[in-house]
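# Inside the fold
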Amino acid sequence: MCIRDRPRVEAIVGKKINNFTNQRIYADTYARSKIKNKDIDISDIYRSLEKLLGITSSQANRIKALEIGCELSMARPREVALDMLKFAKTKKLKIVLLSDMYLTKDVIKKMLNKVGISDLMYDELLVSSFTGMRKDSGSVYKYLLEKERSKKHFVIGDSLHSDVVVPLKNGFTSFHLPSKSDLIKRLFVKNNLSMLSFPLKENEISPAGLIAERLFCKTISFQENLFSNQKDIGYICFGPLLYQFIKKSHEIAVEMNIEKLLFLTREGVVFKKVYDLMKPRLKNPIDSSLLYASRVMSNSLQSGRPDFIDQIIDSNLHFDGRIDEFFYGRLGYQLTDTDNKKLKSLQINLNTKYCLPKDRNLIVRVFKTLESSILKTLNMQKKIFLNYLSHVVVEKSAVLDIGYSGTVQKNINSMISAKTFGLYIMSKSGHNDTDKTCMFNQYLGGSDRLKEVFLKYSIYYEALLTSSTPPIIAMDENEGGFKPRYMNCTYSSKYLELLNNVHDGILEFISDVINRFDELPDFNFESTLWTFKDFLDNPNSLSDIRLLLDLEMDDLYTGNNMLKFFDDPRFFQNLKFALESKNEN
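All residue numbers refer to position in the chain's written sequence, counted from 1. Given that the model is predicted, a residue must reach a pLDDT of at least 70 before its local features are reported, and side-chain atom pairs must reach 80 or more before they are shown or counted; all residues, however, enter totals for whole chains, interfaces and linings. Side-chain numbers here rest on the full set of heavy atoms in the structure, without hydrogens or water.

The next point concerns the nonpolar core. Note on soluble globular proteins: their nonpolar side chains tend to be buried together. Of all hydrophobic cores here, the largest spans 68 residues; its most connected members are Phe238, Phe271, Tyr461 and Phe532. Those residues in contact with Phe271, other than ones at most four positions away along the chain, are Leu242, Phe245, Ile246, Phe263, Asp401, Ile402, Ile425 and Leu465. Only buried residues count toward a nonpolar core. Its members are Ala, Val, Leu, Ile, Met, Phe, Trp, Tyr and Cys residues joined through side-chain atoms within 4.5 Å. A simple rule labels every residue: compare its accessible area, found with a 1.4 Å probe on the protein chains alone, to the largest value its type can have, and call it buried under 20%, exposed over 50%, or partly exposed in between. In this analysis, two residues are considered to be in contact whenever any of their non-hydrogen atoms come within 4.5 Å of each other.

Taking every second residue as pointing to the same face, the buried face of strand β5 (residues 154–157) carries Val155 and Gly157, while none of Phe154 and Ile156 on the other face is buried. In terms of handedness, the path from β5 via helix α9 (residues 160–169) over to strand β6 (residues 173–176) forms a crossover that is right-handed. Strands are runs of DSSP state E lasting at least two residues, helices are runs of H or I lasting at least four, and both sets are numbered from the N terminus onward. Handedness rule for crossovers: strands pointing away from the viewer, path from the first strand over the helix to the second running clockwise, crossover right-handed.

For helix α17 (residues 337–345), the set of buried residues is Asp339, Asn340 and Leu343. Summarising the axial view, the buried residues of α17 lie within an arc of 100 degrees, below the 170-degree limit, and thus occupy one face. Looking at α17, the residues exposed on the side facing more than 90 degrees away from the buried face are Asp337, Lys341, Lys344 and Ser345. Residue Gln347 follows α17 closely and has a positive phi angle near 60 degrees. The directions from the helix axis to the C-beta atoms form the arc being described.

What follows is about the packing of aromatic side chains. Classification of ring pairs rests on two measures: the distance between centres of Phe, Tyr or Trp rings, Trp counted by its six-membered ring, which must be within 6.5 Å, and the angle between planes, read as stacked under 30 degrees, edge-to-face over 60 and tilted in between. Under the defined criterion, the tally for this structure stands at 16 aromatic pairs. Seen in terms of ring centroids, Phe326 and Phe327 are 5.1 Å apart; in terms of plane orientation they differ by 85 degrees. Their pairing is edge-to-face. The exposure class of Phe326 is buried, given its relative accessible area of 0%. Among the aromatic residues, those joined into a cluster by ring pairs are Tyr235, Tyr243, Phe509, Phe517 and Phe523. The ring of Tyr102 has Arg24 sitting right over it, with the charged end atom 4.7 Å from the ring centre. Two limits define a charge over a ring: the Lys NZ or Arg CZ must be within 6 Å of the ring centre, and within 35 degrees of the ring normal.

Now for the environment of Leu536. Within the secondary structure, Leu536 sits in helix α24 (residues 526–537). Spatially, the C-alpha atoms of Leu536 and Tyr460 are 9.0 Å apart, while their sequence positions differ by 76 residues.

Right, let's get into the pairing of strand β12 (residues 397–401). Most of β12 sits out of view: five of its five residues are buried. Covered by surrounding structure in β12 are Ser397, Val399 and Asp401 together with Ala398 and Leu400, the residues of both alternating faces. One requirement defines pairing of two strands: DSSP has to find at least two bridges between them. As defined by bridge partners, strand β8 (residues 260–264) adjoins β12 across four bridges and the pair is classed as parallel. Looking at β12, one finds that Phe263 is bridged to Leu400. Bridge analysis of β12 against strand β13 (residues 420–424) gives five bridges, and the strand direction is parallel. Its bridge partner lying in β13, Asp401 is registered against Tyr424. Of the crossover connections in this fold, the one passing from β12 over helix α19 (residues 407–413) to the parallel β13 is right-handed.

In this section: the sheet that holds β13. In spatial order, the strands read β9-β8-β12-β13-β14; together these five strands make up an open sheet with parallel pairing. For this open sheet the edge positions go to β9 (287–291) and β14 (436–438), each flanked by a neighbour on one side alone. When the angles between neighbouring strand axes are averaged without regard to direction, this sheet yields 25 degrees. When β13 meets β14, the two strands line up parallel, connected through three bridges. Looking across to β14, one finds that Leu423 is bridged to Thr437. Along the sheet, helix α13 (residues 268–278) makes contact with β8, β9 and β12, crossing β9 at roughly 165 degrees. Here an angle of 0 to 180 degrees is reported between the N-to-C directions of two axes, which are lines fitted to C-alpha atoms, with helices fitted over the stretch in contact.

Here we come to the side chain of Ser467. You can see Ser467 is positioned in the loop between α22 (458–465) and β15 (472–478). One polar contact links Ser467 to Thr469, side chain to side chain, over a distance of 2.9 Å. Not counting chain neighbours up to four residues away, the residues in contact with Ser467 comprise Arg266, Val269 and Leu499. Definition of a polar contact: a pair of N or O atoms within 3.5 Å, with one able to donate and the other able to accept a hydrogen when the atoms are protein atoms, and with sequence-neighbouring residues admitted only if both atoms are side-chain atoms.

The rule for a salt bridge is simple: a side-chain nitrogen of Lys or Arg has to be within 4 Å of a carboxyl oxygen of Asp or Glu. One pass over the full model with this rule turns up 24 salt bridges. Between Arg134 and Asp39 there is a salt bridge, with the nearest N and O atoms lying 2.6 Å from each other. In this pair, Arg134 is assigned in the loop between α7 (128–131) and α8 (139–147) and Asp39 in the loop between α2 (20–34) and α3 (42–53), connecting sequence segments 95 residues apart. The exposure class assigned to Asp39 is buried, which follows from its relative accessible area of 3%. Residues Lys147 and Glu124 are paired through a salt bridge, measuring 3.0 Å at the closest nitrogen-oxygen approach. With Lys147 in helix α8 and Glu124 in strand β4 (residues 124–127), this pair connects stretches of sequence that are 23 residues apart. Taking relative accessible area as the criterion, Lys147 reaches 40% and is therefore assigned partly exposed.

Here it is, written out as structure tokens:
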């Protein structure tokens, strides 16, 4: 409702205290660490500052009064918000003002009065420093829902997280009223094509021209946001990346006399579509097919090893789930009624959640108990899988995948005579591997800086490049051929729509390149990595949020089942284990 000028406040108070801004931030952090289960107010902060600076209470109170005075004197109305408030009042709506703020309720009321909002213009004022309930945690929204159960609730605010995402998740309707800084980002930063103008190497061009045309030369309307629809994410962020990956992989394969390209499911589905589009324009095109394989399937190839269960556990030490979920998620093995009876006789609770590495010995014990039935099933699956591989893999084959350590390729190579070579977007292995290479090494000189960017956001690349089918757990023989057997997990219709649109955007970029250039160019795709990073780190419009709101990922391997990416505004906090898992494997 009112605009604060925090930098000027800190500048004025900073004349009294050296390094005030940093000291003030530290005092705020320290105060919050000491006070649990409620919010802090400005007095709590200044008590911490008093200890930090070694000043007296009287001195701290004078500085506090100066800060509050500056806040009040610099507060000015936000005209649009004020007009919306007046309109709501004419409609006789109940109006509750919410603030996550360390300033006291009395100070906030004075600020509101100063900008023309009297007590008569709203029904209730909830300030977190007084109530202990915050918007960003959702506690104040839960309180309002409980208090006003029979009514419809509508939230208006400038914070995408606190005023849009959190209320949406709690059953409110919300409207984003962008702040001035958000508008500047939206209009100038995100649409600034200079971010795509990185220094180019010899014979490289930038994809900026195609991207600029897509964004700004549409006949319907000028697009205010960088990602105006889901297809734009595929076109801008993934199109240049996959184009260059497929082009570079093909060149390497030709040099190595590779006779067949094997696109590893599930990312391989869209990879192969890209290759098929480009194939008529490539010199010396190579035969290709999908390779139906997965980490779970390749685990079955190791079933004859004496250290088999240790290998399965050590393949990822992150797991939190039931016993049946462990064996299904890692081996595709479903416990039978007989298995369940055996475990109950050992007093193993089938409904209890176990975690690694704490419960490693128990999981080994369960495996030893069920070993004969597990290995019988896995050996049957292994036999069919090896038969399938013998029909698909030829002597000079190359596996194409997103990365990272080549576990599936390594397990396959350990069991068949025809050894495959790995072509990956990213590999965590060394530069001198003889059985694999990656585009970052070949094309960007192994840039550690760019590897770090890609690996940090790798779980998003996987979630948006994967196919619409669940992970494969085994191959079944089917009328003289083979048919993949998929895990039991279901994606939401919105996520499937998102996947299809992103993949369509990728293919539209590939088609535009093919149709525009007489000779296929080399693109400097580095800029698209930063574009995607910026999109994830700084979504600054409601349309950005909606594009990510329904993003999902299956992670049965670690017992997480279906993960929702937007459960936390910082994206990765709730996916820590999954993210580490993907980078390790």
